Every structure is written in C-alpha cells, then in structure tokens.
Amino acid sequence: MLQDTAWRAAASVVGLGAIVPYWLVYPWQSALSYAGSYRYFSYSFHELYSAPFLLLPHPDLAGAAVMQVSVPSWTQVLEIPDEYHIVIQGGKGPATLSTTPLVTALVETDRTQYGFVYETSRSQPEEGQLNGIWRD
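Residues numbered from 1 in each chain as written. Predicted model: local features only at pLDDT ≥ 70, side-chain atom pairs only at ≥ 80, totals over all residues. Heavy atoms only, no water.

Topic: the overall build of the protein chain
Of regular secondary structure, the protein chain possesses 5 helices and 5 strands. For the protein chain, the N- to C-terminal ordering of α and β elements is α-α-α-α-β-β-β-α-β-β. Excluding contacts between residues fewer than 6 apart, the proportion of contacts in the protein chain whose partners are at least 24 apart in sequence is 48%. For the protein chain, the exposed area adds up to about 9800 Å²; of that, 64% sits on carbon and sulfur atoms. (Helix = DSSP H or I, 4+ residues; strand = E, 2+ residues; numbered from the N terminus. Contact = heavy atoms within 4.5 Å. Areas by Shrake-Rupley, 256 points an atom, 1.4 Å probe, with all protein chains shown as cover.)

Here you go:
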C-alpha cells in the first residue's frame, strides 16, 4: 500500500513537472503567434505546441474510465443504514451505495429484486454511487 502511494506521488510530481513549464511557455508563444511574430518560435513550433490540447484530455478520460466502473446488476436491498445509503448484494459481496432520501424511502428490504446501475472504484468495490434503479 505504501509503495503504491509512493508511485502515485511520484507520478503527480512528474506530471506537474511537465505541465508547469508547458503552461509557462504557452501564453508567450501564443501571444507572439497571434501578433504574427515568429522570431522566437517558428510557425511549425506553434502548430505542434498546440497539439497536446487535442491529445491530453484523452488520457485523463482513460484514467477516469479505469478508476470508475459502472456496474449493472439485478439484486436485492439487504439493508438501509440511513436515509442516504443502501446496502445491496454486489458481485463481490455487499456494496454500500450512496443515494438520495427519495430512493431509500421507495425501496424495500423484503427480498424484492431491483435492477441497479451504480459506479464504484476498482480500489473500493464495496462503496459506490447509485446511478439508476428499476423494479421488474
């Protein structure tokens, strides 16, 4: 666990070390290219330097997809611990889902089968956020 945390911290430092210089140079070269001055930065440099804006959001979305998992399942509500949470039988054991008081007021713990769609993280599959619920 400690080694995993160290790797994440190192990745954050490396990421910030790459992004900060990029953002320091970008306004400068952008202003010069807007004025038509290519004395310090060539036209091709300006075009290539702008390309990461098209490419960088995609790794972020891929990282979010890896960290968050949408899980559809048919199961029953095991417990209602409070008005903002329900406990269902998930694929890897009981899962506590955060929800609204309206949902907790409408579901029953009498072995009624419900269809659930919820998001959970790979690191904590026993906790999640309820996205949808329906009854057969």
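That shown, we press on.
Examining the environment of Tyr-22
On the secondary structure map, Tyr-22 appears in helix 1 (residues 2–34). In sequence terms Tyr-22 and Tyr-49 are 27 residues apart; their C-alpha atoms lie 8.8 Å from each other.

Some remarks on the packing of aromatic side chains
Taken as a whole and judged by the stated rule, the model has 4 aromatic pairs. On the numbers, 5.6 Å between centres and 80° between planes, the contact of Tyr-38 with Tyr-43 is edge-to-face. The class for Tyr-43 is partly exposed, based on a relative accessible area of 48%. Each ring, one from Trp-74 and one from Trp-134, has its centre 5.7 Å from the other, and the planes form 90°; the classification is edge-to-face. Residue Trp-74 is located in strand 1 (residues 68–82), and its partner Trp-134 is located in strand 5 (residues 127–135); the two are separated by 60 residues in the primary sequence. When its relative accessible area of 39% is taken as the criterion, Trp-134 is described as partly exposed. (Phe/Tyr/Trp six-rings, centres within 6.5 Å; stacked < 30°, edge-to-face > 60°. Buried < 20%, exposed > 50% of the residue type's maximum accessible area, 1.4 Å probe, protein only.)

A word on the layout of surface pockets
In this structure, the second largest pocket occupies an estimated 170 Å³ of space. For the second largest pocket, the lining is made up of 14 residues, of which Val-71, Lys-92, Tyr-118, Thr-120 and Pro-125 are closest to its centre. Mapped onto the lining of the second largest pocket, the elements with two or more residues apiece are strand 1, strand 3 (93–98) and strand 4 (113–121). Grouping the constituent residues of the lining of the second largest pocket by class yields 6 nonpolar, 5 polar and 3 charged. (1 Å grid on protein atoms, 1.4 Å probe; cavity = no way out; pocket = protein on both sides within 12 Å on 5 of 7 lines; lining within 4 Å. Points joined across faces, edges and corners; volume = space filled by probe spheres on them. Nonpolar A, V, L, I, M, F, W, Y, C, P; charged D, E, K, R; others polar.)

Overview of the side chain of Thr-104
Among the secondary structure elements, Thr-104 is positioned in helix 5 (residues 101–106). At 3.0 Å, the side chain of Thr-104 and the backbone oxygen of Glu-83 are in polar contact. Of the polar contacts made by the side chain of Thr-104, one reaches the backbone oxygen of Pro-101; its length is 2.9 Å. Look past the residues within four positions of Thr-104 in its chain and what remains in contact with it is Ile-80, Asp-82, Glu-83, Tyr-84, His-85, Ile-86 and Thr-99. (Polar contact = N/O pair within 3.5 Å; in protein donor to acceptor, adjacent residues only side chain to side chain.)

Let's talk about unusual backbone geometry
Residues other than glycine seldom take positive phi values, yet Arg-111 does so here, at roughly 70°. Position of Arg-111 relative to the elements: it lies in the loop between helix 5 and strand 4.

A word on the pairing of strand 3
Alignment of strand 2 (residues 85–90) against strand 3, held across 6 bridges, turns out to be antiparallel. Bridged to His-85 within strand 3 is Ser-98. The antiparallel pairing of strand 2 with strand 3 creates a hairpin that spans 2 residues between the two strands. (Pairing = 2+ DSSP bridges.)

Quick notes on the nonpolar core
Core analysis: the largest hydrophobic core is formed by 11 residues, namely Val-77, Ile-86, Ile-88, Ala-95, Leu-97, Val-103, Val-107, Tyr-114, Phe-116, Tyr-118 and Leu-130. For this core, the elements supplying multiple residues, two or more each, are strand 2, strand 3 and strand 4. It is strand 4 that provides the largest number of residues to this core, a total of 3 residues. (Core = buried A, V, L, I, M, F, W, Y, C linked by side-chain atoms within 4.5 Å.)

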